[in-house]
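# Chain and residue survey
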Amino acid sequence: MNKLVSSSGVLAASVFLTLASSTAATAQPDPLPGLTVTTVLDGLAKPWDAVVAPDGTVLTGERAGRFVIRDVDGETRELAADLDDLYASGETGLMGIALATDFAESRTIYTCQGVQGGGGGTGSAGTGSAGGGSDNHIAVLSWTVDPEWTALTRTGTLVDDIPVADGGRHGGCRILAHPDGTLYIGTGDTASPTVPQDRDSLGGKVLHIDADGSAAAGSPDRIFTLGHRNVQGLAIRPGTGQIYEVEQGTSRDDELNLLVPGGNYGYRPDRLPFIYDESVPMTDPTRVPGALAAVWSSGSPAIATPGLTFANGPGWGSWNGAAVISSQQDEKLLFLKLSEDGTEYVDEADALVGTYGRLRSLTSFGDAGAFLLTTDNGSDDKVLLVTPAAD
């Protein structure tokens, strides 16, 4: 950690605060602490996710198919891996990365990525069902990495029947490694009208599996929640065990949702036969009875929200425990202070507005309240380390 920070230039990031427009927001703004931003890796092209190992090594992956690390000595290098069958098109490619909870012993890493051919979708919304009927699909793979961080070796396929659209739209693919050893996986709906509500498809869902790929307890057919559009952020609220997801809306209403086992979050874009109707509400309790309301939604227009973590540590002051959401379209971080029970937000603030362009992945880092943040500009992208500035 110290080597990582001391070998990078620290940039003072300006923070912009906005008063929440919702009636749930407090009457007076509560300023965020200042932020210190350190460049960890640069010269990348669309790094979709980033994780940090117990030894301080930072690993990221470019969507087109390349693993890159920064080791504990501050050296940057490519990590060898067999990605010959990667399906990289549009919004799909090498995406989610997570370390196994026992990584220090097992050296196991999980990825969520597009795969060419093989595998296969399930039910009426199988792989390639959005057009063309190809065998391309999305899979969750396991890998091991050697102690010297020179190569990844593929060790297994945990899930191989997540559907993908021809062209890769709405690939989802966030992985959350839970402390109990299970995995939660956010998926996209492939821009297909029936997929979010179809229990025979793994698209438009949050999946919950054991480390061998089988359905975790309480998640029949591996489905934990359904009725989602494109789940790209998953995180545990510190000190509570509550799991939240963030998903991208249509032209409006990106959402932050508190996940309830078996919950239906109400996206049903099949109002017109055979048409992917994005004019429907993101949460539609009329057409989806019992649909669970979002904790927060962006309203109109959408801001494109692909990442989620939580501010965690005393350095965040009154914002300790706030949800932190990245935005591609508005090029900012959004902080949401939550109610004690986590069912609503009570204040909001923006940070890094326009400073680094489009922002994507968020991953907690260490014990000082820091998190990793990736940019999504297409060239000279970065992995950044963000910490609350010391007083």
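So, here is what we can say about the structure in this document. (Residues numbered from 1 in each chain as written. Predicted model: local features only at pLDDT ≥ 70, side-chain atom pairs only at ≥ 80, totals over all residues. Heavy atoms only, no water.)

To continue, consider the pattern of salt bridges. Under the definition given, this model contains 20 salt bridges. Measuring nitrogen to oxygen at the nearest pair gives 3.2 Å for the salt bridge that ties Lys46 to Asp376. One end of the pair, Lys46, is in the loop between strand E2 (35–44) and strand E3 (47–52); the other, Asp376, is in the loop between strand E24 (370–375) and strand E25 (381–388), with 330 residues separating them in the sequence. The class for Lys46 is partly exposed, based on a relative accessible area of 24%. Arg358 is the salt-bridge partner of Asp376, the closest N and O atoms lying 3.2 Å from each other. Taken as a pair, Asp376 in the loop between E24 and E25 and Arg358 in the loop between strand E22 (345–351) and strand E23 (359–365) lie far apart in primary sequence, 18 residues in all. Asp376 sits in the buried class, given a relative accessible area of 1%. Taken together, the shared-partner salt bridges connect Lys46, Arg358, Arg360 and Asp376 into one network. (Salt bridge = Lys/Arg side-chain N within 4 Å of Asp/Glu carboxyl O. Helix = DSSP H or I, 4+ residues; strand = E, 2+ residues; numbered from the N terminus. Buried < 20%, exposed > 50% of the residue type's maximum accessible area, 1.4 Å probe, protein only.)

What follows deals with the nonpolar core. Note that soluble globular proteins tend to have their nonpolar side chains buried in a common cluster. Counting residues in hydrophobic clusters, the biggest one holds 22 residues, and the most contacted among them are Val140, Ile162 and Ile185. If you list the elements that add at least two residues to this core, you get strand E7 (94–99), strand E8 (108–115), strand E9 (137–145), strand E10 (152–162), strand E12 (183–186) and strand E13 (206–209). Here this core gets three residues from one element, more than from any other, and that element is E10. When sequence neighbours within four positions are dropped, the list of residues in contact with Ile185 reads Cys112, Val140, Ile162, Arg174, Lys205, Val206, Leu207, Ile209 and Leu234. (Core = buried A, V, L, I, M, F, W, Y, C linked by side-chain atoms within 4.5 Å. Contact = heavy atoms within 4.5 Å.)

Look at the link from Ser300 to Pro301: it is a cis peptide, with omega at 0 degrees. Tracing the sequence through the fold places Pro301 in the loop between strand E18 (296–297) and strand E19 (308–310). The residue Ala191 is not glycine, and still its phi comes out positive at about 55 degrees. Among the structural elements, Ala191 can be located in the loop between E12 and E13. The exposure class assigned to Ala191 is buried, which follows from its relative accessible area of 19%. In this model, Asp253 sits at a positive phi of 60 degrees, which is unusual for a non-glycine residue. Of note, Asp253 is situated in the loop between strand E16 (243–247) and strand E17 (255–258). The exposure class assigned to Asp253 is buried, which follows from its relative accessible area of 17%.

By the alternation rule, side chains of E17 split into Glu255 and Asn257 and Leu256 and Leu258, which are all buried. When E16 meets E17, the two strands line up antiparallel, connected through four bridges. If you follow Val246 over to E17, its bridge partner there is Leu256. For E17 and E18, the ladder comprises two bridges, and the chain directions are antiparallel. (Pairing = 2+ DSSP bridges.)

Attention shifts here to the side chain of Asp254. Examined against the element boundaries, Asp254 turns out to sit in the loop between E16 and E17. Here Asp254 is buried and forms no salt bridge, its nearest opposite-charge partner Arg229 lying at an N-O distance of 6.3 Å. Not counting the four nearest positions on each side in its chain, Asp254 is found in contact with Glu247, Gln248, Gly249, Trp296, Ser297, Ser298, Ala302, Ile303, Ala304 and Thr305. (Lys, Arg positive; Asp, Glu negative; His and termini not counted.)

This brings us to the sheet that holds E16. Across the sheet, four strands lie side by side as E15-E16-E17-E18; this open sheet has antiparallel pairing. Of all strands in the sheet, those with a lone pairing partner are strand E15 (231–236) and E18, marking the two edges.

Turning next to the packing of aromatic side chains. Taken as a whole and assessed by the stated rule, the structure comprises seven aromatic pairs. Pairing Phe103 with Trp149 gives two aromatic rings, centres 5.9 Å apart and planes at 35 degrees, and the pair type is tilted. In this pair, Phe103 is assigned in helix H2 (residues 103–106) and Trp149 in the loop between E9 and E10, connecting sequence segments 46 residues apart. Accessibility assignment for this pair places Phe103 and Trp149 in one class, buried. Here the basic side chain of Lys337 rests over the ring of Trp319, its NZ or CZ set 4.6 Å away from the ring centre. (Phe/Tyr/Trp six-rings, centres within 6.5 Å; stacked < 30°, edge-to-face > 60°. Lys NZ or Arg CZ within 6 Å of the ring centre and 35° of its normal.)

Read these as spatial facts, not as claims about activity.
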